[in-house]
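Descriptive structure summary
Listed below are the residues making up each chain.
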Amino acid sequence: MKTTGGGKGKAAKAIPDAALRFLEYYYPIHYKAGIGVEDALRGGMLSRHQVAMLWLIHSEGREGREMNRKAIERSLEAWFEISGGAVTKALRGMAQPPLDLVRLVEDPRSGREKIVKLTPKGETHMKRMIAGGEAFVQRIVDHMSDEEIEQGLHFFKRITEIVDGFRQD
């Protein structure tokens, strides 16, 4: 049984070709708008992988400032099909001048594992990065009514909840 926004157990409304219609919008949302947001976050300084790493630390890390390197690697491998070596290289690039955005420190629970921590410069960069992304998204929001904004926020929240549920299944 298909479900709708009300939770498990509710039958989906008979919307012809709903999945196909959503799929048709996926390309412009993901590749056009999504890449635009990503480019705004990159600020001409970082790679897509590095931005994803910083965003992971910000959104899923402890206090938005640090995260286990292996957790970063697992997420990036699933999203980008990237190797552990490429993750290490990208992190090292952010840990060295001129960037100096992160520090790699030994995990006190395991001498083999590292924790990735934002430096003060990294925290400042995150604020600028978020401001750049927000400015790009604001350009989109400026063309929407309050009702469209509320509907869009609800839609993105529900998709996040549903997809996060897939990981638990």
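Here's what I pulled together on the structure shown here. (Residues numbered from 1 in each chain as written. Predicted model: local features only at pLDDT ≥ 70, side-chain atom pairs only at ≥ 80, totals over all residues. Heavy atoms only, no water.)

Turning our eyes to something else, we now look at the pattern of salt bridges. When the charged atoms of two side chains lie near each other, side chains of opposite charge can form a pair. Following the criterion strictly, the structure yields 11 salt bridges and no others. When the shortest N-O distance is used, the salt bridge between arginine 48 and glutamate 38 registers 2.6 Å. Of this pair, arginine 48 sits in helix H2 (residues 48-60) while glutamate 38 sits in helix H1 (residues 18-42); the two residues are 10 residues apart in sequence, bridging distant segments of the chain. Using a relative accessible area of 30% as the deciding quantity, one classes arginine 48 as partly exposed. (Salt bridge = Lys/Arg side-chain N within 4 Å of Asp/Glu carboxyl O. Helix = DSSP H or I, 4+ residues; strand = E, 2+ residues; numbered from the N terminus. Buried < 20%, exposed > 50% of the residue type's maximum accessible area, 1.4 Å probe, protein only.)

What follows is about unusual backbone geometry. Cis peptide bonds are those with omega within 30 degrees of zero, and the linkage from proline 97 to proline 98 qualifies with 5 degrees. Considering the arrangement of structural elements, one finds proline 98 in the loop between helix H4 (84-95) and strand S2 (102-107). The backbone phi angle of aspartate 17 is positive, close to 55 degrees, even though this residue is not glycine. Its identity is not glycine, yet aspartate 100 carries a phi of approximately 50 degrees, on the positive side.

A few words on the pairing of S2. Note that S2 and strand S3 (residues 110-118) share 6 bridges and pair antiparallel. Bridge pairing in S3 places valine 102 opposite leucine 118. Linkage of S2 to S3, two consecutive antiparallel strands, is achieved through a turn of 2 residues. (Pairing = 2+ DSSP bridges.)

Turning to H1, a few remarks are in order. Each full turn of the α-helix corresponds to 3.6 residues, which orients residues three or four apart in the same direction. If you check H1, its first and last C-alpha atoms are 34 Å apart, about what 25 residues at 1.5 Å a residue would give, namely 36 Å. Tyrosine 25 marks where H1 bends most, by close to 30 degrees; the proline proline 28 follows one to four residues later. Where H1 is concerned, the buried positions are Gly36, Glu38 and Leu41. Buried residues belonging to H1 abut H2 and helix H5 (120-141). Just downstream of H1, glycine 43 is the residue with a positive phi angle, here 60 degrees. (Expected span 1.5 Å × (residues − 1). Bend = angle between axes of the 7 residues up to and from the residue. Contact = heavy atoms within 4.5 Å.)

Our focus in this paragraph is the sheet that holds strand S1 (residues 66-68). The 3 strands lie next to each other as S1-S3-S2, forming an open sheet whose pairing is antiparallel. In the strand order of this sheet, the two ends are held by S1 and S2, each with one partner. Within the sheet, the average angular offset between the axes of one strand and its neighbour, ignoring direction, is 30 degrees. Sheet analysis places S1 next to S3, joined by 3 bridges and oriented antiparallel. Residue methionine 67 lies in a different strand from S3, and its bridge partner there is valine 116. (Axes fitted to C-alpha atoms, helices over the stretch in contact; angles between N-to-C directions.)

The next point concerns the side chain of threonine 119. When you line up the elements, threonine 119 lands in the loop between S3 and H5. Owing to a relative accessible area of 10%, threonine 119 belongs among the buried residues under this scheme. Setting aside anything within four residues of it in sequence, one finds threonine 119 in contact with Asp100, Leu101, Val102 and Arg103.

It is worth stressing that arrangement in space is one thing and function is another; only the former is reported here.
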